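# Structural features, examined
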Amino acid sequence: DPAIPLFAGLLAVCGAADARTRLEITHGWKVPPILWVCTIGKPGDKKTPASSPMFKVLNELEKQDERVHAQRRLDYEIKLAVFESGKKAHIEWAKSEAGLMGSTVGPAIPTEPTEPHNLRIVVGDVSSQQLVRLAASNPRGMLGYFDEMGAWAKKLTDRSTSEDRSSW
């Protein structure tokens, strides 16, 4: 069915778009690039082979970010070392006679750096707890791609699991 790769392509575009942006549908009505799609068919209808090629570009974007992330991680570690050193110097100053007397201003403490995270665009078989952690570190949003929706729906409705339906 040609609709399967078409909808998968639309999903890939929504996954690549930053969820903090807004699409102006009509004057004054803006929405985030969120799309829910569920492809329903019989086993053997070739749903996965028809849709998965559309998501390869998203996987490539994640791989490209891995190279850049290594540099961001190194920069973060350097800034963290500077922060820790400045914090230690300030604590030592506070313990000193000058610090206790309050006669001088202590050394400035640099701003604590924010830890960088890998670009995560596509999530698959994740729990609601993992999803919350991933969403917190990815404000641009993610694409949830589940090959078997029946298993995901069962996980959400099974009272014996620790899944949090409200997270989804």
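You'll find the structure just up there.
Residues numbered from 1 in each chain as written. Predicted model: local features only at pLDDT ≥ 70, side-chain atom pairs only at ≥ 80, totals over all residues. Heavy atoms only, no water.

## Section: helix α5 (residues 128-137)
Residues S128, L131, L134 and S137 constitute the buried set of α5. Looking at the buried residues of α5, the elements they touch are β3 (122-123). (Buried < 20%, exposed > 50% of the residue type's maximum accessible area, 1.4 Å probe, protein only. Helix = DSSP H or I, 4+ residues; strand = E, 2+ residues; numbered from the N terminus. Contact = heavy atoms within 4.5 Å.)

## Things to note about the side chain of S51
For S51, the location among the structural elements is in helix α2 (residues 47-51). S51 sits in the buried class, given a relative accessible area of 9%. Side-chain polar atoms of S51 contact the backbone oxygen of K47, separated by 3.1 Å. A polar contact of 3.3 Å, which involves the side chain of S51, links it to the side chain of Y145. Among residues more than four places away in sequence, those in contact with S51 are I4, A8 and Y145. (Polar contact = N/O pair within 3.5 Å; in protein donor to acceptor, adjacent residues only side chain to side chain.)

## Things to note about the nonpolar core
A8, L11, A12, F55, L58, I121, V122 and L143 together form the largest nonpolar core, which totals 8 residues. Setting aside its immediate chain neighbours within four residues, V122 contacts L58, N59, E62, L143 and Y145. (Core = buried A, V, L, I, M, F, W, Y, C linked by side-chain atoms within 4.5 Å.)

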